[in-house]
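Spelled out, the chains give:
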Amino acid sequence: MKKILFVCVENAGRSQMAEAFFRKYAPDKFYASSAGTKPSSKVNPMVVEAMKEVGINLQDNTPKSLTNEMLSDSVAVNMGCMDKESCPALFVKDVLDWNISDPKGKSISEVRKIRDQIELKVLELVKKLEEGQN
């Protein structure tokens, strides 16, 4: 089973949303996970709220540290970098870079826009991966 890994610095927003959308749209075909280079202690509350609005519960999710084991045999997707020194793209080769704004410190309306952007990118990725599987 192909593994997809969504990475960012804190694993508290973008990568959590991407993992959740990927699991929603490609639940049986691929294995999705997410992680960060400097994980936060909890998922961003605005992200939890924005995802709840579309029927996805991230309330009990915990940010995870990026490991070499996670990277092995995974298609890595870098969500974007707020902290250049901890940017996952520095540690991962052959990474897809989506360059999506960090929802940290943003209003709920801005987080909704980021959520919707991530959902569209995930749908595009699922379509590309499914086409490559045939």
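Residues numbered from 1 in each chain as written. Predicted model: local features only at pLDDT ≥ 70, side-chain atom pairs only at ≥ 80, totals over all residues. Heavy atoms only, no water.

**Considering the pattern of salt bridges**
Threshold: We count a salt bridge whenever a side-chain nitrogen from Lys or Arg sits within 4 Å of a carboxyl oxygen from Asp or Glu. We count a stretch as a helix when DSSP gives it H or I for four or more residues in a row; a strand needs E for two or more, and each element gets its number in order from the N terminus. Throughout this description, buried means an accessible area under 20% of the type-specific maximum (1.4 Å probe, protein chains only), exposed means over 50%, and partly exposed covers the range between.
All told, the structure shown has seven salt bridges when counted by the stated rule. Among the ionic pairs, Glu 130 bridges to Lys 29, the shortest N-O distance being 2.9 Å. You can see Glu 130 sitting in helix H4 (residues 108–133) and its partner Lys 29 sitting in the loop between helix H1 (14–25) and strand E2 (30–36), a full 101 residues away along the chain. The residue Arg 115 makes a salt bridge to Glu 53 at a minimum N-O spacing of 3.2 Å. Within this pair, whereas Arg 115 is found in helix H4, its partner Glu 53 is found in the loop between helix H2 (45–52) and helix H3 (68–71), the two being separated by 62 residues in sequence. The class for Arg 115 is buried, based on a relative accessible area of 7%.

**Quick look at the packing of aromatic side chains**
The test is simple: Ring geometry is summarised as follows: Phe, Tyr and Trp rings, the Trp one being its six-membered ring, pair when their centres sit within 6.5 Å, and such pairs are stacked at plane angles under 30 degrees, edge-to-face over 60 and tilted between the two.
Taken as a whole, this structure holds four aromatic pairs when the rule is applied. Here the aromatic rings of Phe 22 and Phe 30 are separated by 5.7 Å at their centres, their planes lie at 65°, and the arrangement is edge-to-face. Both residues of the pair, Phe 22 and Phe 30, count as buried. Grouped by ring-pair contacts, the aromatic residues Phe 6, Phe 22, Phe 30 and Trp 98 constitute a single cluster.

**A few points about the sheet that holds strand E1 (residues 2–8)**
Stated formally: Two strands make a pair as long as DSSP finds a minimum of two bridges between them. Note on contacts: a residue pair qualifies if any of its non-hydrogen atoms lie within 4.5 Å across the two residues. Only C-alpha atoms enter the line fits that serve as axes; for helices the fit covers just the stretch in contact. Angles between N-to-C directions range over 0 to 180 degrees.
Strand order in the open sheet formed by four strands is E2-E1-E3-E4, with parallel pairing between adjacent strands. The two strands at the open ends of the sheet, each matched to only one other strand, are E2 and strand E4 (96–97). Inspection of the sheet shows E1 paired to strand E3 (residues 74–78) by five bridges, in the parallel sense. What sits directly across from Lys 3, in E3, is Ser 74. Lying on the sheet, H1 is in contact with E1 and E2; it crosses E2 at an angle near 170°.

**Quick look at the nonpolar core**
Counted only if it meets this: Among the buried residues, those of types Ala, Val, Leu, Ile, Met, Phe, Trp, Tyr and Cys that are joined through side-chain atoms within 4.5 Å form a nonpolar core.
If you look at the biggest cluster of nonpolar residues, it comprises 29 residues, and the most contacted ones within it are Phe 6, Phe 22, Met 79 and Ile 118. Counting residues per element, the ones that place at least two in this core are E1, H1, E2, H2 and H4. Top element by residues in this core is H4. It accounts for seven residues.

**Focus: unusual backbone geometry**
Positive phi outside glycine occurs at Asn 11, with the angle close to 55°. Residue placement: Asn 11 occurs in the loop between E1 and H1. Even without being a glycine, Asp 73 presents a positive backbone phi close to 60°.

**Brief notes about H2**
Spelled out, the test is: The reported arc concerns the directions from the helix axis to the C-beta atoms and nothing else. Definition of a polar contact: a pair of N or O atoms within 3.5 Å, with one able to donate and the other able to accept a hydrogen when the atoms are protein atoms, and with sequence-neighbouring residues admitted only if both atoms are side-chain atoms.
Regarding H2, the residues found buried are Val 47, Val 48, Ala 50 and Met 51. All buried residues of H2 fall inside an arc of 165° around its axis, so they share one side. The distance from a side-chain oxygen at the start of H2 to the backbone nitrogen of Met 46 is 2.8 Å, and the residue carrying that oxygen is Asn 44.

**A word on the pairing of E1**
For the record, the criterion: We call a crossover right-handed when, viewed with both strands directed away from the observer, the connection leading from the first strand over the helix to the second proceeds clockwise.
The buried fraction of E1 is high, at five of seven residues. Judged from the seven bridges that link them, E1 and E2 form a sheet pairing that is parallel. What sits directly across from Ile 4, in E2, is Ala 32. Taking the sense of rotation as the criterion, the β-α-β connection linking E1, H1 and E2 turns out right-handed.

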